[in-house]
Every structure is written in structure tokens, then in C-alpha cells.
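# Close look at the chain arrangement
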Amino acid sequence: MSDAHEDQDSHEGPIKTPKQLVVTVVLSFVVPILVIIMMANFVAIGTKQAAGSDGLSDEATARRLQPIGHVEVRDASGPAVLRTGEQVFQGVCSACHATGAAGAPKFGDAAAWGPRIKTGYDALLNSALHGKNAMPAQGGGDFSDVEIGRAVVYMANQGGAKFDEPKVPAAAASAASAAN
């Protein structure tokens, strides 16, 4: 009979009195409600910014909402202002010729420019206008032939050449003088 008594005790739960039952039922409702309230307060308290980040600031939001590009309307028949050789060099050519990237002769390096200068201005201009090796046509820029010619003369003369600056065509000259 003692075996039957031990078998019956092993099937009893941890709650032995009615008081323990009431406490367990009340806590099973109260504890989850308190956890939910604390989580809601944690989430709702102010804006949480990441350490060292201004990603949620008004300025950062305004930068993200700015348009990517803009439209500039020009009069196609209006006078064109021709850029100097130095301006074209600074705008496009310096990306490769200032550092010698992709085999480009460095600006002002007489040894690198010497063999190219010997081919003459027309050969250099042709290479600049139509591209050569890694250099795209017009250096990848949007310039007139006269502006590219000015840039070629500017770079070659800094490398030891004595080229004259190309003459501006009559139509461009009259438009440039009208702009002044």
C-alpha cells in the first residue's frame, strides 16, 4: 500500500492550497500586462537616434528629399562663351593628366609630352577630339572643337611645345563679341 501512496504524490502539482491557486491566477494576468505596458513606454519615449548619427534630423531628412537633378533652360541660339584651355583642362583633362592615370602624359612632364609634340598639333587635336587608348572623345566632356583645341595647346605648351592658340571661327567670334 505504501507504493500506491508514493505513486499518488508524484502526480500532484506545485499548488497545494487555495491561496497558492489565487496568487498564481492573479500573477498570470498581471505580469504579462505589466510587461506589455513597459514595452509600450519604452517604444514611445521620444526619438531614439543611433549613436553618432544625424540620420533622423530635420536637415538629413531634407537632404534625402531633395531632387537629384535640376533643369536649366538655355537659348540655343544665344551667344556661346568659349572657355579657355586652362578652364577645359581643369574641368575634364586634369582627371587623368594631373596624375598620369591610364597612361596619360602628366601635365607639365616634358619627357612624356616630347614624342607627342613631335607628331604636331593636328595629330594631338585629332586624338583629343576622337579619343585615343583609354581617353574618350573630347575627354568625355561636352566642349566645342575650339575649346578642345585650346586645352590641347595649353597642355602641350606646358610640356614644352610652342603651339599658337587656335583661331575662333567667324560665327563663334561674332557671337562671343555680341555677348561682351
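Before going into details, it helps to say that this report is about the structure given with it. (Residues numbered from 1 in each chain as written. Predicted model: local features only at pLDDT ≥ 70, side-chain atom pairs only at ≥ 80, totals over all residues. Heavy atoms only, no water.)

One turn of the α-helix equals 3.6 residues, which is why residues spaced by three or four share an orientation. For helix 7 (residues 145–158), spanning 14 residues, the distance from its first C-alpha to its last is 20 Å, which sits close to the expected 20 Å at 1.5 Å a residue. The element helix 7 is extensively covered by neighbouring structure, given that 10 of its 14 residues are classed as buried. Among all positions in helix 7, only Val 146, Glu 147, Ile 148, Gly 149, Arg 150, Ala 151, Val 152, Val 153, Met 155 and Ala 156 are buried. Close packing links the buried residues of helix 7 with helix 4 (85–97), helix 5 (110–118) and helix 6 (121–130). Remark: Gly 160 follows helix 7 within two positions and exhibits a positive phi of approximately 115°. (Helix = DSSP H or I, 4+ residues; strand = E, 2+ residues; numbered from the N terminus. Expected span 1.5 Å × (residues − 1). Buried < 20%, exposed > 50% of the residue type's maximum accessible area, 1.4 Å probe, protein only. Contact = heavy atoms within 4.5 Å.)

The next subject is the side chain of Glu 147. Looking at the element boundaries, Glu 147 is found in helix 7. Among the residues examined, Glu 147 registers a relative accessible area of 3% and is labelled buried. Not counting residues within four places of it along the chain, the set of residues in contact with Glu 147 comprises Val 81, Leu 82, Arg 83 and Val 88.

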